[in-house]
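Chain and residue survey
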Amino acid sequence: MRFWPYPGAVPRTELSNTTIADALEELGDLYELDGAIVHRVLAYRGAAKSVRDAPVSVAELAREGRAAELPGIGATLQEKIRALVEDGSIPAAEKLRAKFPAGLIAITRLPGLGPKRARLLYTELGVDSPRALREAAEQERLRTVRGLGPKLEERVLAALDETPEGPARPAPRMLLPRALELGEALVEGLERRGPKGTRVQLAGSVRRRADSVKDLDLVAVTTRPAALAKSLAELEEIESVGSAGTAGARGRTHSGVPVDLRIAKPAQLGNLLQHFTGSGEHNAALREAAVRRGLHVSEYGILDDATGKTRTCATEEEAYELVGLAYIEPELRENRGELDAAATGTLPELITLEDIRGDLHSHTIASDGHNTIGEMARAARDRGYEYLAITDHSASHGFGNDVSPGELGRQIELVHQANESIEGIELLAGSEVNILPDGSLDYDDELLRQLDWIIASMHTSFRMSEQAMTERMITAIEHPLVDAIGHPTGRLIQRREPYAIDLYAVYAAAARTGTMLEINANPDRRDLSDVQARAAATAGATILIDSDAHRIATLANMRWGVATARRAWLTKEQVANTRPWSEFTKLRKQQRK
DNA sequence: GCCGTTTTCGGCCCGACTGTTTTCAGTCG
């Protein structure tokens with residue numbers, strides 16, 4: 001192993017923010033079972049979120065006694081996190097785990113059952129697992145408990161039929177592109193079939209452009225609410241509608257996605273849209289802040305204690321203004337500091353898709369892409385780009401489609417020829433070079449020097465230790481010819497966790513060496529994530545947004561990367577490929593020498 | 001458990017729905 005290369009970093013594997021957040025959530029669940037007041041439980045959940053979203057290593061903060069600098073964490077939680085980091089566990093959690101069987105937490109996740117009822121079932125009936133619960137329900141023993149009845153037995157059995165062990169994980173969510181496509185089809189269908197003049201828009205996590213989405217929220221304005229609610233059932237995408245009235249309708253699509261349509265009076269559209277765009281955490285924090293000003297925010301309006309009157313808002317802008325805030329873009333509504341920024345006028349001016357001037361990661365038929373250099377170049381030019389890097393896979397990609405060292409010279413020549421013959425776009429002969437387990441690259445330096453642009457990525461050996469993985473990555477970052485790191489964590493949304501790596505060390509090394517870190521815009525990746533990209537930029541790293549297109553059509557994936565960048569609070573200035581070619585080219589490592 | 005242009009103590013977002021109750025607790029978003 002080589003010398004640990006970065007000053008100030010701790011040469012030992014720290015607990016990740018995710019691990020710490022999970023532990024705090026578990027402790028919150030346990031306290032809830034134990035009958036703690038709801039606000040204490042909420043404090044744990046809030047703290048868990050704060051840790052998960054933190055732009056720095058919370059383990060390191062806790063060792064230094066500084067974790068309480070994070071919102072929602074005070075002296076008590078600072079100490080508990082320190083115990084977890086230094087001693088490996090939190091004493092309070094150990095105690096509660098001994099008190100409540102693990103199966104009880106699974107029971108609280110069943111529909112209709114929360115902590116209160118789970119505890120009741122445990123103390124009254126000795127139910128300590130989803131299996132024991134099924135038995136008790138089948139024997140009609142739930143109804144013997146005061147407050148529970150036959151309806152609940154039915155509901156419990158139905159839920160346990162689907163997941164006999166209890167829902168271990170939350171229901172699977174759709175990725176954003178599919179959710180957006182489905183949502184837009186519903187909007188279009190409702191506007192077409194609904195009463196004339198009906199206007200429908202998407203709210204919820206789709207509007208916030210989250211990585212994935214569990215249901216679709218639609219907000220409509222119409223002259224005939226009952227008729228519009230009824231027309232939801234007529235859409236070809238809709239399988240069934242549970243309830244429909246003048247306030248809206250709920251149903252599900254054939255693909256099993258819950259759909260919630262809410263109908264607003266035009267004068268209240270701003271309130272309703274704001275409420276149903278969420279996030280839940282954003283709304284809760286917004287309302288708490290409003291209460292301090294004597295205002296009570298709901299989906300129907302804003303009640304002012306001073307006048308006793310409720311004011312309604314036709315637009316979201318008005319609603320935010322009434323509580324003393326600047327308008328907050330939907331992508332920022334995650335309670336990650338946007339309320340303070342809106343109160344002090346320090347919200348960032350977010351990057352837009354139109355700001356993007358080039359794409360530095362694309363594939364052609366030379367590796368696993370589906371179009372030629374010329375086709376990709378013209379499509380990029382048609383998107384208004386000034387530059388495009390052709391970055392086919394290097395020799396050891398390992399999936400059969402790659403550019404061997406012997407072929408690379410020819411590939412470079414082809415790109416340069418295309419660059420000569422195609423007007424209006426600068427083509428870079430690049431490569432997506434593999435980072436080998438020891439951190440070296442799989443073309444030798446002599447070959448690499450012939451390239452205009454090098455993006456280095458990991459495609460194999462994901463299971464190395466965190467320290468080894470971090471050293472591997474930093475070795476690549478420090479390579480004098482590597483311009484950028486592609487999909488830095490290797491995650492696949494909903495399918496593969498990031499590999500173990502110390503991202504804070506990665507950000508620092510990238511900032512120090514001027515190596516760009518990619519937000520890969522492939523909607524399965526969006527890697528770096530929103531939280532990570534924000535932390536990377538905060539650490540001084542330059543961000544790059546790439547489509548990683550494997551065909552002409554997927555050049556358009558850029559939009560998902562921009563969505564992630566917006567959720568990361570990034571401005572145009574923080575993203576390298578918003579620069580015109582004359583400025584961008586100076587950021588390349590070979591040009592900076 | 002956190003936190004402070006009403007507070008270092010006493011608050012802590014809002015509303016709907018459900019099923020079980022005789023006025024409401026628990027759950028959900």
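Above this text sits the structure in question.
Residues numbered from 1 in each chain as written. Chains lettered and ligands numbered in written order. Predicted model: local features only at pLDDT ≥ 70, side-chain atom pairs only at ≥ 80, totals over all residues. Heavy atoms only, no water.

1. Some remarks on the sheet that holds strand β17 (residues 543-546)
Each strand in a sheet pairs with another by means of backbone hydrogen bonds, the pair being arranged parallel or else antiparallel. Which entries qualify depends on this criterion: Strands are labelled as partners when DSSP assigns at least two bridges between them. Helix numbers and strand numbers start at the N terminus; a helix is a DSSP run of H or I with at least 4 residues, a strand a run of E with at least 2. For this analysis, residues touch if any pair of their heavy atoms sits within 4.5 Å. Working convention: axes come from line fits to C-alpha atoms, limited for helices to the stretch in contact. Angles between N-to-C directions cover 0 to 180 degrees.
Read across the sheet, seven strands follow the order β11-β12-β13-β14-β15-β16-β17 without closing on themselves; strand pairing throughout is parallel. Looking at which strands have only one partner, the edges of the open sheet turn out to be β11 (358-359) and β17. Bridging between strand β13 (residues 426-434) and strand β14 (residues 453-457) involves five bridges; their strand directions are parallel. When the sheet's bridge partners are listed, V433 is paired in β14 with A456. Each of β12 (387-393) and β13 touches helix α18 (residues 405-421); the most contacted strand, β13, lies at about 155° to it. In the packing of helix α23 (residues 558-567) onto the sheet, contacts are made with β11, β16 (516-520) and β17, and the angle to β17 comes to roughly 150°.

2. Things to note about unusual backbone geometry
Filter applied, for reference: Any residue under 20% of the maximum accessible area for its type is buried, any over 50% is exposed, and the rest in between are partly exposed; the area is computed with a 1.4 Å probe on protein chains only.
Following G278, the chain continues into S279 via a peptide bond in cis, with omega recorded as -5°. For S279, the position within the fold is in the loop between α13 (269-277) and α14 (280-291). Omega for the bond connecting D527 with L528 falls within 30 degrees of zero, at 10°, which places this linkage in the cis form. Position of L528 among the secondary structure elements: in the loop between β16 and α22 (530-538). The backbone phi angle of E140 is positive, close to 55°, even though this residue is not glycine. Position of E140 relative to the elements: it lies in the loop between α8 (130-138) and α9 (150-162). Look at E140 and you get partly exposed, because its relative accessible area is 44%. In this structure, N335 is a non-glycine residue whose phi angle is positive, near 55°. The residue N335 is located in the loop between α15 (316-322) and α16 (338-344) in this model.

3. As for the pairing of strand β2 (residues 199-202)
Burial along β2 is one-sided: the face carrying V200 and L202 is buried and the face carrying R199 and Q201 is not. Relative to strand β4 (residues 216-221), β2 is paired through four bridges, and the arrangement is antiparallel. Pairing of Q201 across the sheet is with V219, part of β4.

4. Remarks on the sheet that holds β4
Reading across from one edge, β2-β4-β7-β6-β5 is the order of the five strands in this open sheet, with mixed pairing throughout. A single partner strand is all that each edge strand has here, and the edge strands are β2 and β5 (238-244). Between one strand and the next, the sheet's axes are offset by a mean angle of 25°, whatever the strand orientation. Relative to β2, helix α10 (residues 176-193) is tilted by about 170°, and along the sheet it contacts β2, β4, β5, β6 (248-253) and β7 (258-264).

5. Comments concerning the nonpolar core
Put simply, the rule is: Residue types Ala, Val, Leu, Ile, Met, Phe, Trp, Tyr and Cys, when buried and joined through side-chain atoms within 4.5 Å, form a set referred to as a nonpolar core.
Residues M473, I485, L517 and I545 are the most contacted members of the largest nonpolar core, which totals 63 residues. Take this core: its biggest share by element is six residues, from helix α21 (residues 503-513). In this structure, L517 is in contact with I485, V506, Y507, A510, L528, A536, A541, T542, I543 and L544, ignoring residues within four places of it in sequence. In this structure, V85, I105, V127 and L148 belong to the second largest nonpolar core, which totals 50 residues.

6. Some thoughts on the packing of helix α1 (residues 17-33) against helix α5 (residues 91-99)
If you want to describe how two helices pack, look at the angle between their axes and the distance between the axes. To keep it simple, the criterion reads: When describing relative orientation, an angle under 35 degrees is termed roughly parallel and one over 145 degrees roughly antiparallel, while 65 to 115 degrees is termed roughly perpendicular and anything else oblique. It is the rotation of the near helix from the far one that decides the hand of a crossing: anticlockwise by less than a right angle makes it left-handed, clockwise makes it right-handed. Charged means Asp, Glu, Lys or Arg here, nonpolar means Ala, Val, Leu, Ile, Met, Phe, Trp, Tyr, Cys or Pro, and polar covers whatever is left, Gly included.
For the pair α1 and α5, the least separation of the axes is 10 Å and the interaxial angle reads 50°. As far as their axial angle goes, α5 and α1 are oblique. Handedness of the α1/α5 crossing: left-handed. Here α1 contributes E26, L27, L30 and Y31 to the contact with α5, which in turn contributes A92, A93, L96 and R97. Residues of the contact of α1 with α5, tallied by class, amount to six nonpolar, no polar and two charged.

7. Considerations on the protein's contact with DNA strand B
The condition that has to hold: Being near a molecule or strand, for a residue, comes down to having at least one heavy atom within 4 Å of it. Contacts described as polar in this section are N or O atom pairs within 3.5 Å, which, within protein, must combine one atom able to donate a hydrogen with one able to accept it, while residues neighboring in sequence count only if both atoms come from side chains.
In the vicinity of DNA strand B, 39 residues are found, and the nearest of them are G74, G114, G149, E288 and H296. When atoms of DNA strand B within 4 Å of the protein are split into backbone and base, the sugar-phosphate part holds 79%. Take L77: an N or O atom from its main chain is 3.4 Å from a phosphate oxygen of DNA strand B. Elements supplying a minimum of two residues to the surface near DNA strand B: α2 (38-53), α4 (75-87), α7 (115-125), α9, α14 and β8 (295-298).

8. Some thoughts on the environment of R134
One can find R134 in helix α8. Judged by its relative accessible area of 22%, R134 is partly exposed.

9. Focus on the pattern of salt bridges
Cut-off, in case you're wondering: A pair is scored as a salt bridge if a Lys or Arg side-chain nitrogen falls within 4 Å of a carboxyl oxygen belonging to Asp or Glu.
If you walk through the whole model with that rule in mind, you get 38 salt bridges. Between R333 and E316 there is a salt bridge, with its nearest N and O atoms 2.9 Å apart. Of this pair, R333 sits in the loop between α15 and α16 while E316 sits in helix α15, placing them 17 residues apart in sequence. On the basis of relative accessible area, R333 is assigned to the buried category, the value being 0%. E316 gets classed as buried once you look at its relative accessible area, which sits at 4%. Between R566 and E329 there is a salt bridge, with its nearest N and O atoms 3.5 Å apart. Taken together, the residues span a long stretch of sequence, with R566 in helix α23 and E329 in the loop between α15 and α16 at a distance of 237 residues. Among the residues examined, E329 registers a relative accessible area of 31% and is labelled partly exposed. Taken together, the shared-partner salt bridges connect K49, D53, R208, E334, R336, D530 and R567 into one network.

10. Regarding the environment of D215
Structurally, the position occupied by D215 is in the loop between β3 (212-213) and β4. Residue classification places D215 among the partly exposed positions, given a relative accessible area of 21%. Measuring from C-alpha to C-alpha, the distance between D215 and P258 comes to 5.0 Å, with 43 residues separating the pair along the chain. In this structure, D215 is in contact with V257 and P258, ignoring residues within four places of it in sequence.

11. Brief notes about the side chain of E334
Looking at the secondary structure, you find E334 in the loop between α15 and α16. Since its relative accessible area comes to 8%, E334 is described here as buried. For E334, the side chain forms a polar contact with the side chain of R567, separated by 3.0 Å. The residues contacting E334, other than those within four sequence positions of it, are K49, R208, S279, E281, H282 and R567.

12. Observations concerning the pairing of β4
Most of β4 sits inside the fold, with six of its six residues counted as buried. Burial of β4 is two-sided: the residues L216, L218 and A220 facing one way and the residues D217, V219 and V221 facing the other way are all buried.

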